[in-house]
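The chain contents come next:
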Amino acid sequence: MPKKQITLTVNGKTIEALVEPRTLLIHFIREHLNLTGAHIGCDTGHCGACTVDMDDMSVKSCMTFAIQADGTNITTIEGVANPDGTLSALQEGFRMMHGLQCGYCTPGMILRAQRLLQENPIPTEEEIRYGIAGNLCRCTGYVNIVKAIQYAAAKINGTSFPEAAE
Amino acid sequence: MNQQSQIDTDRAERVEKLQGMGCKRKRVEDIRFTQGKGNYVDDVKLPGMLFGDFVRSPHAHARIVSIDVSRAKALPGVVAVLTAADLKPLGLHYMPTLAGDVQAVLAEEKVLFQNQEVAFVIAEDRYIASDATELVDVVYEALPCIVDPFKSMEPDAPILREDIKDKMTGAHGPRKHPNHIFEWQIGDQKGTDEVFAKADVTIKEMFVDHRTHPSPLETCQCVASMDKIKGELTLWGTFQAPHVIRTVVSLISGLPEHKIHVIAPDIGGGFGNKVGAYSGYVCSVVGSIVLGVPVKWVEDRMENLSTTSFARDYHMTTELAATKDGKILAMRVHVLADHGAFDACADPSKWPAGFMNICTGSYDIPVAHLTVDGVYTNKASGGVAYRCSFRVTEAVFAIERAVEVLAHKLGMDAAELRIKNFIKPEQFPYQAALGWEYDSGDYPTAMKKAMEAVAYKELRQEQATKREAFHRGETREIMGIGISFFTEIVGAGPSKNCDILGVAMFDSAEIRIHPTGSIIARMGTKSQGQGHETTYAQIIATELGIPADDIMIEEGNTDTAPYGLGTYGSRSTPVAGAAIAVASRKIKAKAQMIAAHMLEVHEGDLEWEVDRFRVKGLPEKFKTMKEIAWSAYHSPPPNLEAGLEAVNYYEPPNMTYPFGAYFCVMDIDVDTGVAKTRRFYALDDCGTRINPMIIEGQVHGGLTEAFACAMGQEIRYDEMGNVMGASFMDFFLPTAVETPKWETDYTVTPSPHHPIGAKGVGESPHVGGVPCFSNAVNDAYAFLGAGNVQMPHHPWRLWELGESLGLYK
């Protein structure tokens, strides 16, 4: 199948690549770029394990062709940590509040939560629950994922989150 | 500060530094998982690796007339296409199942369920492999199929398994019909019948624990890599039991076991789905052996939901006999078990219906009888324990629904009836009518705590008020109070009754202390999200006085880890957790000898304190474990070998019996059938608590899966055997929006036979949660005369129920 040239930015790096038009963005990211943090869970856009940030929107990369990402700016979980290599507020929140177990949904969940906090820096619990409804988790029951996001929001906003101390 | 309080402070600081048992240690695993640096099977990428994909049957039951692979083979990029004809000369077109049956790897003459594997295409990339599956031309001749298990044994039923049609004795005794797999009986039939014949009150209901699927977010997958020069096979896979997989691969491939390296890397959830051996593994291995290059196989979600195992599908006719005042006298259960096309249940070999005989539950029922008939149907094979010990969710569902029905019939409060029949604390160890010896329990304390926490009496008053308001036409909302008081049986298990393919169900730990006092411990289990790297280290930290942060836990590599039976049935803590404690104690015994040598005292003059041996009465004379470790390598005592390590293969003397009291308060809009869980309270008693944070997380997750199963999740088939809803479009996995908020609580009744008193917790919330939700729904509709309402309780079915009750007239 004839390939098409694409140019995009991934985690701050400019990437040029030749891809088949039918190549899914998730396969491009995982197999061409070797960024294996984003996962495939359902193939139908329901689970959100493949969520990445594309031009300031949460995108399910199993529902997107790589060629649709031409000219875009993408962040994956590999680009989320602080510049000094420490965990971001959300990554730390997920660890501190036990917001993950098997870890398979976590990269997508964190990317989604990061965008959610950009859209709504002080979300209510309900807003968080609706905000991550496109991302499924089979392990945690969400209670601690919600707390992880609240932890991060509080840390970013400099407010207090009493449950963090527990 | 006086001297004593200084010692206490010092001691407390040292205890805290260990991050041992009982503390909410943050997880080691999260450092990599939160940064996308987990290493799951599909992340494995090897030079020259090819991809496999299956051609699957569109029919539930059909004869294969012909298979033509020529068009597929001609597609550029396709390297090979395997069919049963290729596997048959190798004797690999069938593989043994864990249940003593065989299962087709690739269908030979017939297909027996929709999406059954027919051919395996191997190509240079996954897109080409997928293209090629559509170019394999298979001609089928459709046959009548069996979807309803109640029709399996009808005289004129089509014979499904022609490969064994003349074999009237199966792995578990005589077969009554070509579509019959086994009959399993336990208990006192005559005694039970006698009690029923004379009883004041009896109830009889069929409870259907419908077919569903564990559906971890990561599907089943593997990479097989054969090194033809060395004659060695490396197999990465999503294996809950990597050592067993290696043994199975050795037995069916003929490769010697030491030349097979099985590696289970990070696993994206298992919940029972990843215990068994599947066609994809066999075909990848064969592909790699034949081609000499690595072959990867990754299921898509539809394949996962429709082929690699299922859970439940138990149709349980359950009877209780009782006195007028509510003392249960006997229980009788008959189960019709739909096992699909092959008996590939993942149970210990001697237990064709798992531990279904825990179905007398938390109650002192003097006599009972259980019969299970397993039958073949044209559905996917399996019957795995979905977040439970083998068939324990089914057993608990039967008894916890049955006591509700009995309470309703007697006009008794359902909580009161349970309390009246509880096994009393002084009766432990308790010999149950169907054979198990319950190790420990304090049910009344747990129940009392739970009832107070939810203000049970007030809830019943509120419900009565609401029912009156409903009758007056003032509201269309009804309220249900669900109760479940479950007892699990986990930690399989003692070798006298538990083995898998002849291998006793022990588990193992190997601990090595390095000269500088840090530790590596390797385990026979395999975490799929349970946090073993965190919690096992906590056990060692407390046992050996080395900080958990200085302890690395490794699992999943059969080359380095001691042989173990894996992680399922909540067995990691009861079995491997015990192994780690026993191995630690072996090390500690040697450490004491070394410390005595170092301090020039007799061993008996030493006592253990947090992280050190000290001379009795002289607390300032001590050697820390770290100092002892150095000495073990630097200057061990004469006549004692150097080093500080131990191995333990732990044979559990009994199972463990976690229990819990769950309450659910539900409000249902009868006009829409939408049920809202107002409150869910879960009290668990898992014995000694290793990490309360992880326990809480396990309970949250198990409850969410219980909610899913009870309230909507189902693998359905139409009358043609088409699997309905094998994608996340239709298969209910709750999001953060639907999922209720969970309240957790606990009591602690340590297991008397477990070295640290722990019982296991990962599956309790699922086992206890399913009947709790179903009881809430049943309780809500009971005053409207609904009778026994079957799961799953999704809005459409509840709306239909309302219609049948005449609520919309």
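Calculation criteria
All residue numbers refer to positions counted from 1 along the written sequence of the respective chain. All chains are assigned letters beginning at A, and all ligands numbers beginning at 1, according to the order in which they are written. Side-chain atom pairs in this predicted model are given and counted only at pLDDT of 80 or more, local residue features only at pLDDT of at least 70, and totals for whole chains, interfaces and linings cover all residues. We count a stretch as a helix when DSSP gives it H or I for four or more residues in a row; a strand needs E for two or more, and each element gets its number in order from the N terminus. The size measure is the radius of gyration over C-alpha atoms, and the globule rule it meets is 2.2 Å times the number of residues to the 0.38 power. As a rule, residues whose C-beta atom has 12 or fewer other C-beta atoms within 10 Å are exposed, those with 20 or more are buried, and those in between are partly exposed; C-beta atoms are placed from the backbone. Domain borders in the structure are assigned automatically or taken from a domain database. Throughout, a pair of residues is in contact if the C-beta atoms placed from their backbones lie within 7 Å. Any residue outside Ala, Val, Leu, Ile, Met, Phe, Trp, Tyr, Cys, Pro, Asp, Glu, Lys and Arg is labelled polar, Gly included; the first ten of those are nonpolar and the last four are charged. Between the first and last residue of a helix there are one fewer steps than residues, each counted as 1.5 Å, and that sum is the expected span. In this description, a line fitted to the C-alpha atoms serves as the axis of each element, helices being fitted only across the stretch in contact, and the angle between N-to-C directions of two axes falls anywhere from 0 to 180 degrees. Geometric relationships in this document are graded by angle, where less than 35 degrees denotes roughly parallel, more than 145 denotes roughly antiparallel, 65 to 115 denotes roughly perpendicular, and other angles denote oblique. By convention the crossing between two helices is left-handed if the near helix lies anticlockwise of the far one by an angle smaller than a right angle, and right-handed if it lies clockwise. Strand pairing is assigned whenever DSSP detects at least two bridges linking the two strands. Here, a nonpolar core means buried Ala, Val, Leu, Ile, Met, Phe, Trp, Tyr and Cys residues linked by C-beta atoms lying within 7 Å of one another.

1. Points about the overall build of chain A
In step 1: Looking only at helices and strands, one finds five helices and five strands in chain A.
In step 2: Traced from its N-terminal end to its C-terminal end, chain A shows the element sequence β-β-α-β-β-β-α-α-α-α.
In step 3: Compactness check: chain A gives a C-alpha radius of gyration of 16 Å against a globular reference of 15 Å for 166 residues, within 12% of the reference.
In step 4: In terms of its C-alpha atoms, chain A occupies a principal-axis envelope of roughly 55 × 30 × 25 Å.
In step 5: Counting across all 166 residues of chain A, residues that qualify as buried make up 57%.

2. Brief notes about the domain arrangement of chain B
Residues and elements named next belong to chain B.
In step 1: As far as domains go, chain B holds domain 1 (3-38 + 507-650), domain 2 (41-143 + 219-267 + 274-306) and domain 3 (314-492 + 655-804).
In step 2: Measuring from the centre of the C-alpha atoms in domain 1 to the corresponding centre in domain 2 gives 41 Å.
In step 3: Contacts between the two partners involve 14 residues from domain 1 and, on the opposite side, 16 residues from domain 2.
In step 4: Within the side of domain 1 that touches domain 2, the residues separate by chemical class into three nonpolar, nine polar and two charged.

3. A short note on the interface of chain B and chain A
In step 1: Contacts between the two partners involve 41 residues from chain B, matched on the other side by 44 residues from chain A.
In step 2: At the level of secondary structure, the elements contributing two or more residues to the side of chain B that touches chain A comprise α2 (30-33) and α17 (692-711) of chain B.
In step 3: At six residues, α17 of chain B tops the list of elements feeding residues into the side of chain B that touches chain A.
In step 4: Its residues placed into classes, the side of chain B that touches chain A shows 14 nonpolar, 17 polar and 10 charged.

4. Concerning α17 of chain B
In step 1: The terminal C-alpha atoms of α17 of chain B, which comprises 20 residues, lie 28 Å apart, in line with the 28 Å expected from a rise of 1.5 Å per residue.
In step 2: When you tally the buried positions in α17 of chain B, you get 19 out of 20 residues, the bulk of the element.

5. Observations regarding the packing of helix α2 (residues 89-96) of chain A against helix α5 (residues 143-157) of chain A
Residue and element names in this part refer to chain A.
In step 1: The interhelical angle for the contact between α2 and α5, taken along N-to-C directions, is 135 degrees, at an axis separation of 8 Å. The orientation of α2 relative to α5 falls into the category oblique. Considering how the two elements wind past one another, α2 and α5 form a crossing that is right-handed. Here α2 contributes Ala-89, Leu-90, Gly-93, Phe-94 and Met-96 to the contact with α5, which in turn contributes Ala-148, Ile-149, Tyr-151, Ala-152, Lys-155 and Ile-156.
In step 2: In terms of residue class, the contact of α2 with α5 is made up of nine nonpolar, one polar and one charged.

6. Quick look at the sheet that holds strand β11 (residues 180-187) of chain B
Residues and elements named next belong to chain B.
In step 1: Strand order in the open sheet made by the five strands is β11-β19-β18-β17-β12, with mixed pairing throughout. In the strand order of this sheet, the two ends are held by β11 and β12 (201-209), each with one partner. Strand after strand, the sheet turns through a mean of 10 degrees between neighbouring axes, direction not considered.
In step 2: Judged from the nine bridges that link them, β12 and strand β17 (residues 314-322) form a sheet pairing that is antiparallel. Directly across from Asp-209, in β17, lies its bridge partner Tyr-314.

7. Regarding the pairing of strand β2 (residues 62-68) of chain B
In step 1: Judged from the two bridges that link them, β2 of chain B and strand β6 (residues 110-111) of chain B form a sheet pairing that is antiparallel. Bridged to Arg-63 of chain B within β6 of chain B is Lys-110 of chain B.

8. Side note on the nonpolar core
In step 1: Membership of the largest hydrophobic core comes to 309 residues, with the highest contact counts inside it found for Ala-119, Val-121 and Ile-540 of chain B.
In step 2: For Ile-540 of chain B, the residues in contact, after removing those within four places along its chain, are Ile-511, Ile-519, Ala-521, Ile-546, Ile-551, Ile-580 and Ser-584 of chain B.

9. What about the environment of Lys-24 of chain B?
Residues and elements named next belong to chain B.
In step 1: Structurally, the position occupied by Lys-24 is in the loop between α1 (3-18) and α2.
In step 2: In this structure, the C-alpha to C-alpha distance between Lys-24 and His-514, residues 490 residues apart in sequence, is 26 Å.
In step 3: Sequence-distant contacts of Lys-24, defined by excluding residues within four places in its chain, comprise Asn-691, Pro-692 and Met-693.

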